[in-house]
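# Structure at a glance
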Amino acid sequence: VTAIKNQGQCGSCWAFSATEAVESQMILGTGGKLAISLSPQQVASCSPSTGKYGCLGCNGGFTEGAYEYLKSSPGLANAFYIPYGQSLTETSATLACPTEKVEAIAGPMEQLSGGYATVTGYHYATAPCTSGGCEKQDLNKLKKALEHTPVSVCVNAGSWNDYTGGVMTSQACGPMGAMYQDHCVMATGFNTTAPTPYWIVRNSWASTWGEEGYIYLEMAKNTCGLADDATIPEVKLDLTAEEHAEAAVKREAMYQRATLGA
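Residues numbered from 1 in each chain as written. Predicted model: local features only at pLDDT ≥ 70, side-chain atom pairs only at ≥ 80, totals over all residues. Heavy atoms only, no water.

Put simply, the largest pocket is a space of about 900 Å³. Lining the largest pocket we find 25 residues, and of these Leu 146, Thr 188, Tyr 255, Ala 258 and Thr 259 sit closest to its centre. With 5 residues, the top contributor of residues to the lining of the largest pocket is helix H8 (residues 241–258). Its residues assigned to classes, the lining of the largest pocket shows 13 nonpolar, 9 polar and 3 charged. (1 Å grid on protein atoms, 1.4 Å probe; cavity = no way out; pocket = protein on both sides within 12 Å on 5 of 7 lines; lining within 4 Å. Points joined across faces, edges and corners; volume = space filled by probe spheres on them. Helix = DSSP H or I, 4+ residues; strand = E, 2+ residues; numbered from the N terminus. Nonpolar A, V, L, I, M, F, W, Y, C, P; charged D, E, K, R; others polar.)

The structure is reproduced here in C-alpha cells:
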C-alpha cells in the first residue's frame, strides 16, 4: 500500500478507496517497482453522475462508478500531475474535471506528466450484498482475497468518529446492512493471533486518526458491513516475460514480510 491519505472535508472516500486499490494492484503486479501515488482528485472530479453507479464528487459516489469511469479514461494520473485540491478543513464544492490534463495523460508529453494507471475492469472479492441485513456474507472468501491483495470495501462508519484505537466490535459498529454503507475504505489484511482477531482496515482521515490511520474491526463477523461491497480493480501492466518472473519473486518476498515468514 501507499502512505495514508487525507480526504479532508470532501465526501470523496469512494474515490480514495478506488484509487488506493488501483495503486496496490500496480505495486503487487510489478513486485513493488511501480509504487506511485495516483490521483483521487481525478476520480472525484471526472467520474460521471449518470449510469448505474453515478457519482457526485464530494457528495458521494461508488467505487464501481470510479472503475467504470477509469475503464473509459486514458488512464488514472499520478498525484503530482493532478493533485488533490479539495479543502482539508472546510466544506467546498467539487473541483471541475481537468479535462485537458486527463486527455494528455497518455499523449506525446507523457514522459513529462509522469506515470499513470490503466484500469480494464474490476471484480468482487465476495458476492456483494445490496439489500437486507448482510449478516451472512462469505467472510472466508474475503480472508482468502486478503492473502493476495488489499481490497476496496464500503462500510457503516457511523461510529468511527469516536475511534481512537484497539479492536472495534461488531456491536459497537452497529448495523452491517447494505443501506447503512456510508464510507469506502480499504481492507489490507487481518490478525488471527490477537486475543480478539481483527480485520486491518485503512482509512483516509490522515495518519493522526485511529491506529496511525488504520482501524481494527472484529474479524468474527461482517463488522461494519466490510464484506458488503468488496472490490478489486483490474490493472493493465505491459510487462515482459522476464519482468513478470521478477515481479513474482518480489511478490513472494513481500508476502513473507507481511506474514512475518509464516
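Here the narrative resumes, following the displayed structure.
Glancing now at the state of the cysteines. Following the criterion strictly, the structure yields 5 disulfides and no others. Covalent S-S linkage joins Cys 154 and Cys 184, the inter-sulfur distance amounting to 2.1 Å. With the S-S bond torsion at 95 degrees, the cross-link from Cys 154 to Cys 184 turns out right-handed. Of this pair, Cys 154 sits in strand S3 (residues 151–155) while Cys 184 sits in strand S5 (residues 183–191); the two residues are 30 residues apart in sequence, bridging distant segments of the chain. Paired by a disulfide, Cys 173 and Cys 224 hold their sulfur atoms 1.7 Å apart. Disulfide Cys 173-Cys 224: the torsion about the S-S bond is 120 degrees, which places it as right-handed. With Cys 173 in helix H7 (residues 170–173) and Cys 224 in the loop between strand S7 (214–218) and strand S8 (231–236), this pair connects stretches of sequence that are 51 residues apart. For Cys 173, a relative accessible area of 2% gives the class buried. Assessed through its relative accessible area of 1%, Cys 224 is described here as buried. (Disulfide = S-S within 2.5 Å. Buried < 20%, exposed > 50% of the residue type's maximum accessible area, 1.4 Å probe, protein only.)

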